[in-house]
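# Observations on the model geometry
Given next are the chains, with one letter for each unit.
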Amino acid sequence: ENIYAGKGKRRLLMGMFFTICIFLILFLIAWIDGKTKRIPDRLLAVLLAAEICAVPFFPEIEMAERGMGILCVSVPLLMLNLIRPGAFGGGDIKLSAVSGMFLGWRRMADAFLLALFMAGGYAFRLLAGKKKGRRDCFAFGPFLCMGIMTAFFMIFMGKSPGYLYKHVSCHM
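Let us look at the structure shown here. (Residues numbered from 1 in each chain as written. Predicted model: local features only at pLDDT ≥ 70, side-chain atom pairs only at ≥ 80, totals over all residues. Heavy atoms only, no water.)

### Section: unusual backbone geometry
- At Lys37, a position not held by glycine, the phi torsion is positive, near 60°.
- Examined against the element boundaries, Lys37 turns out to sit in the loop between α1 (9-36) and α2 (41-54).
- By relative accessible area, Lys37 is classed as partly exposed at 46%. (Helix = DSSP H or I, 4+ residues; strand = E, 2+ residues; numbered from the N terminus. Buried < 20%, exposed > 50% of the residue type's maximum accessible area, 1.4 Å probe, protein only.)

### A few points about helix α5 (residues 90-128)
- End to end, α5 covers just 28 Å across 39 residues, shorter than the expected 57 Å (1.5 Å per residue, more than 12% under).
- Along α5, the helix axis deviates most sharply at Gly104, where the bend reaches about 120°.
- Where α5 ends, the next residue or the one after it, Lys130, has phi of about 55°, a positive value. (Expected span 1.5 Å × (residues − 1). Bend = angle between axes of the 7 residues up to and from the residue.)

### Quick look at the pattern of salt bridges
- Across all of its chains, the model carries 3 salt bridges by this definition.
- Notably, a salt bridge pairs Lys94 with Asp41, separated by 2.6 Å at the nearest N-O pair. Residue Lys94 is located in helix α5, and its partner Asp41 is located in helix α2; the two are separated by 53 residues in the primary sequence.
- For Lys94, a relative accessible area of 37% puts it in the partly exposed group.
- Look at Asp41 and you get partly exposed, because its relative accessible area is 47%.
- Note that Arg106 and Glu65 form a salt bridge whose closest N and O atoms lie 3.2 Å from each other. You can see Arg106 sitting in helix α5 and its partner Glu65 sitting in helix α3 (residues 63-72), a full 41 residues away along the chain. (Salt bridge = Lys/Arg side-chain N within 4 Å of Asp/Glu carboxyl O.)

### Digging into a nonpolar patch on the surface
- There is a patch of nonpolar side chains on the surface, built from Ile70, Leu71, Val75, Leu78, Met79 and Leu82 and spanning about 540 Å² of accessible area.
- Elements with a minimum of two residues in the nonpolar patch: α3 and α4 (74-83).
- For the nonpolar patch, the leading source of residues is α4, giving 4 residues.
- Within the secondary structure, Val75 is located in helix α4.
- Look at Val75 and you get partly exposed, because its relative accessible area is 36%. (Patch = residues over 30% accessible without salt bridge, like charges linked within 9 Å, V, L, I, M, F, W, Y side chains within 5 Å. Areas by Shrake-Rupley, 256 points an atom, 1.4 Å probe, with all protein chains shown as cover.)

If you want it as structure tokens, here you go:
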């Protein structure tokens, strides 16, 4: 059942407005990172501002879950970067923290896992086509943005975190 059924047109319209804004910012981040392997801090600040403004229109995610969302992916990425410098860019870490604040820890974990699967498929294609070697790198931001957008879209669809995994794994 859609979470917006009977909740008022204003909430739906404002939620859609902020969703479009956030998606446009994520598309821009993905495009810039794909071209330059850098995510500008200014864009992350704009994304954070849009997500903070959108919070009241998505009350189904509790504030405590949002707080944990800031840390659930960004801290492990930071720790991995300390162990293996360059494993992930600083922009990827900040993007996961900013988006985790909006999505909450469950959906941010979903977004990150989706990003890993997509990036893994891309890396496999690059390696199989001998376009890149094992030590080469590529931008992870575009995949993270796609995972975030998919998790964000699932909120609008009224689907719980883990929905994709439950349904995909049943058909494999």
